[in-house]
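In case you want the letters, here they are:
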Amino acid sequence: MSTVAVTDFIEAPAVDVWALLTDLPVRVDWLCTVSAVELLTPGPLGPGTAWRETRTRPDGGDQAEEFLVLAAEPPHRLVLSSPGIGVDYRITWTLRTVQRRRRGCTAVTVEHRAAPAAPYGRMLALLFGGLAARTVEGAIRRDLTALAATVRSAGRATAA
């Protein structure tokens, strides 16, 4: 099993970060690699909610990924699973209110775990594990930067 964890700080209350993070149709507005979101289950976000995202790959092609909410504890923790090709993924978003520079902000930690689901998944993990971990870490950092920028701009629009 491979695990990558990244923490960043967003100068906004956890409830605001949570609201944007869990507003599934809006993901296309702040995640630069997501071009479409299709809800697969009706109702509010919670355990059992499923959706499909169409993402743009680095080579320019599209790839569909499905996500399932395993746990949702607003506004502190969101646990998702996503089946991959030979690997199953579990992504945990943890939001903690902290003081930073004498202001309240949210520490957001994203933990991405990859577990081989097929024998060839283990071989791929051995061959490409380090490269995959660096790629995932970079993607998480980009997502957190985009989330922070969108929360900040939404906060300014609300304050105006």
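Before reading on, note that the structure itself is shown above.
So, here's what we can say about the structure.

Rules of the game
Residues numbered from 1 in each chain as written. Predicted model: local features only at pLDDT ≥ 70, side-chain atom pairs only at ≥ 80, totals over all residues. Heavy atoms only, no water. Helix = DSSP H or I, 4+ residues; strand = E, 2+ residues; numbered from the N terminus. Buried < 20%, exposed > 50% of the residue type's maximum accessible area, 1.4 Å probe, protein only. Contact = heavy atoms within 4.5 Å. Arc of directions from axis to C-beta. Core = buried A, V, L, I, M, F, W, Y, C linked by side-chain atoms within 4.5 Å. Phe/Tyr/Trp six-rings, centres within 6.5 Å; stacked < 30°, edge-to-face > 60°. Pairing = 2+ DSSP bridges. Axes fitted to C-alpha atoms, helices over the stretch in contact; angles between N-to-C directions. Salt bridge = Lys/Arg side-chain N within 4 Å of Asp/Glu carboxyl O.

**Concerning the overall build of the protein**
So, point 1. A count of helices and strands for the protein gives three helices and seven strands.
So, point 2. Going through the 160 residues of the protein one by one, you find that 33% of them count as buried.
So, point 3. A separation of at least 24 residues holds for 48% of the contacts in the protein among residues at least 6 apart in sequence.

**Focus: helix 1 (residues 14-21)**
Every α-helix winds through 3.6 residues per turn, so residues three or four apart in the chain are directed the same way.
So, point 1. For helix 1, the set of buried residues is Ala14, Val17, Trp18, Leu20 and Leu21. Angular distribution of buried residues about the axis of helix 1 spans 165°; they occupy a single face of the element.

**Concerning the nonpolar core**
So, point 1. Of all hydrophobic cores here, the largest spans 29 residues; its most connected members are Ile10, Val17, Leu80, Trp93, Leu95, Val108 and Leu147.
So, point 2. With six residues, the single largest contributor to this core is helix 3 (residues 119-159).

**Brief notes about the packing of aromatic side chains**
So, point 1. Under the criterion given, the structure shown has one aromatic pair.
So, point 2. Relative to Phe67, the ring of Trp51 lies with its centre 5.5 Å away and its plane at 25°, an arrangement referred to as stacked. In this pair, Trp51 is assigned in strand 3 (residues 50-56) and Phe67 in strand 4 (residues 62-73), connecting sequence segments 16 residues apart.
So, point 3. For Trp51, a relative accessible area of 1% translates into the label buried.

**Points about the side chain of Ser81**
So, point 1. Residue position: Ser81 is located in strand 5 (residues 77-83).
So, point 2. Among all residues touching Ser81, those that are not within four sequence positions of it are Glu66, Phe67, Leu68, Leu70, Tyr89 and Arg90.

**Details of the environment of Ala72**
So, point 1. Checked against the element boundaries, Ala72 lands in strand 4.
So, point 2. Distance in space between the C-alpha atoms of Ala72 and Thr49 is 9.8 Å, their sequence separation being 23 residues.
So, point 3. The residues contacting Ala72, other than those within four sequence positions of it, are Trp18, Leu45, Gly46, Pro47, Arg77 and Leu78.

**Overview of the sheet that holds strand 7 (residues 103-116)**
Adjacent strands of a sheet form backbone hydrogen bonds with each other and so pair up, either parallel or antiparallel.
So, point 1. In space, the seven strands of this open sheet follow the order 1-7-6-5-4-3-2, with antiparallel pairing throughout. The open sheet has two edge strands, strand 1 (2-10) and strand 2 (34-39), and neither has a second partner. Averaged over all neighbouring strand pairs, the angle between strand axes comes to 25°, with direction disregarded.
So, point 2. Examined bridge by bridge, strand 2 and strand 3 share five bridges and lie antiparallel to one another. Residue pairing in the sheet places Val37 in a bridge with Glu53 of strand 3.

**Quick word on the environment of Ala146**
So, point 1. Mapped onto the fold, Ala146 is located in helix 3.
So, point 2. The exposure class of Ala146 is buried, given its relative accessible area of 19%.
So, point 3. Note: C-alpha distance between Ala146 and Trp30 (116 residues apart in sequence) is 5.8 Å.

**Here we look at unusual backbone geometry**
So, point 1. Of the consecutive residues Pro74 and Pro75, the connecting peptide bond is found in the cis state with omega at -15°.
So, point 2. Within the secondary structure layout, Pro75 lies in the loop between strand 4 and strand 5.

**Details of the pattern of salt bridges**
So, point 1. Counting across every chain of the model gives eight salt bridges.
So, point 2. With a shortest N-O distance of 2.6 Å, Glu66 and Arg52 are connected by a salt bridge. Of the two residues, Glu66 sits in strand 4 while Arg52 sits in strand 3, which places them 14 residues apart along the sequence.
So, point 3. A relative accessible area of 36% places Glu66 in the partly exposed class.
So, point 4. Using a relative accessible area of 26% as the deciding quantity, one classes Arg52 as partly exposed.
So, point 5. For the salt bridge of Arg55 with Glu53, the shortest nitrogen-to-oxygen distance reads 2.7 Å.
So, point 6. Among the charged side chains, a salt-bridge network with shared partners connects Arg27, Glu53, Arg55 and Glu65.

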